[in-house]
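A look at the structure
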Amino acid sequence: MAAAGAAVCPSPTVFLLMVNGQIESAQFPGFDDLYCKYCFVYGYDWVPTAGLEEGISQITSKNRNIQQDLVWNFPIDITFKSTNPFGWPQIVISVYGPDVFGNDVVRGYGAVHVPFTPGRHKRTIPMFVPESTSKLQKFTSWFTGRHPEFTDPKVIAQGEGREVTRVRSQGFVTVSFNVVTKDMKKLGYDVLPLSTPNPSLTSIT
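Worth saying up front: this structure is predicted, and the values here are computed from it rather than measured. (Residues numbered from 1 in each chain as written. Predicted model: local features only at pLDDT ≥ 70, side-chain atom pairs only at ≥ 80, totals over all residues. Heavy atoms only, no water.)

Let's shift gears to the overall build of the chain. When helices and strands are counted, the chain shows one helix and nine strands. In the chain, the succession of helices and strands from N to C terminus is β-β-β-β-β-β-β-β-α-β. Looking at the chain residue by residue over its 205 residues, the buried ones come to 40%. Nonlocal contacts in the chain, meaning residues at least 24 apart in sequence, comprise 73% of its contacts between residues at least 6 apart. Accessible surface, the chain as shown: approximately 12000 Å² in total, 55% of it carbon and sulfur. (Helix = DSSP H or I, 4+ residues; strand = E, 2+ residues; numbered from the N terminus. Buried < 20%, exposed > 50% of the residue type's maximum accessible area, 1.4 Å probe, protein only. Contact = heavy atoms within 4.5 Å. Areas by Shrake-Rupley, 256 points an atom, 1.4 Å probe, with all protein chains shown as cover.)

Taken as a class, soluble globular proteins show a tendency for nonpolar side chains to be buried jointly. In terms of nonpolar packing, the biggest core is built from 31 residues, with Ile 23, Phe 28, Trp 72, Ile 93, Val 95, Val 173 and Phe 177 touching the most fellow members. Secondary structure elements with two or more residues in this core: strand S1 (15–27), strand S2 (35–41), strand S5 (70–82), strand S6 (90–98), strand S8 (119–130) and strand S9 (167–182). It is S5 that contributes the most residues to this core, six residues altogether. Here Val 173 is in contact with Ile 23, Ser 25, Ala 26, Phe 28, Trp 72, Ile 93, Val 95, Arg 123, Thr 124, Ile 125 and Met 127, once residues within four sequence places are set aside. (Core = buried A, V, L, I, M, F, W, Y, C linked by side-chain atoms within 4.5 Å.)

With that settled, consider the pattern of salt bridges. This structure, assessed with the given rule, holds three salt bridges. Across the pair Lys 186 and Asp 183 runs a salt bridge whose closest N-O atoms are separated by 3.8 Å. Here the residues in one salt-bridge network are Lys 182, Asp 183 and Lys 186, joined through shared partners. (Salt bridge = Lys/Arg side-chain N within 4 Å of Asp/Glu carboxyl O.)

With that settled, consider the packing of aromatic side chains. Between two aromatic rings, the relevant description is the distance of the centres plus the angle of the planes. Scanning the model with the defined rule gives ten aromatic pairs in all. Both rings, one in Tyr 38 and one in Phe 40, keep their centres 5.9 Å apart while their planes meet at 80°; by these two values the pair is edge-to-face. The class of Phe 40 is buried, set by a relative accessible area of 1%. Considering the side-chain rings of Tyr 109 and Phe 128, the 6.3 Å spacing of their centres and the 50° angle between planes classify their relative orientation as tilted. You can see Tyr 109 sitting in strand S7 (residues 104–113) and its partner Phe 128 sitting in strand S8, a full 19 residues away along the chain. (Phe/Tyr/Trp six-rings, centres within 6.5 Å; stacked < 30°, edge-to-face > 60°.)

Before going further, it helps to spend a moment on the pairing of S7. With seven of ten residues buried, S7 is to be regarded as a mostly interior element. Relative to S7, S6 runs antiparallel, the two being bridged by nine bridges. Bridge pairing in S7 places Gln 90 opposite His 113. Hairpin geometry of S6 and S7 is characterised by an intervening segment of five residues between the two adjacent antiparallel strands and by a positive phi of about 85° at Gly 102. (Pairing = 2+ DSSP bridges.)

Right, dumping it as structure tokens:
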């Protein structure tokens with residue numbers, strides 16, 4: 001029996017997901033001087049409480065290594081709170097660069113879920129671009145310098161309308177994540193991995 005007047009800690013009603021890391025690098029054969037944008041897409045029960053939901057990197061040129069990587073090392077850092085895992089956050093990345101006329105055009109879209117388990121993770125995201133549906137549209141796009149692109153890149157993390165878009169694979173982007181969760185087990189959700197590669201990054205219960 002608790003002593004009279006002793007403070008009682010209330011049970012948590014939300015859990016926290018803390019994410020930081022980097023958009024490390026990309027491989028886009030045939031393209032150079034690229035930059036990227038990122039944003040997060042998440043469900044209705046999720047609320048950002050700290051950090052940035054979106055950002056834009058510096059322009060980078062190819063390395064002189066064999067892979068000719070484009071290195072950004074652009075930081076990401078955000079904290080969410082939620083009442084359930086439905087709508088787990090995704091990061092959407094868009095890459096842009098100049099065409100032959102010097103216009104900035106999209107070079108790739110891609111998305112991946114934030115890893116579900118605490119710890120350090122690395123993901124390589126296949127990128128794609130929308131394609132014109134006819135030869136006439138392709139010629140018009142090339143001639144005018146107006147290439148097909150999404151009005152809102154967040155659409156690629158959603159199911160609606162994607163099946164009617166013709167796309168072509170183009171490039172890869174590598175992202176590293178450091179993930180920490182808090183109070184998920186107290187709400188009945190267990191996301192601990194079988195073995196945590198870095199014991200300093202774990203679920204805070």
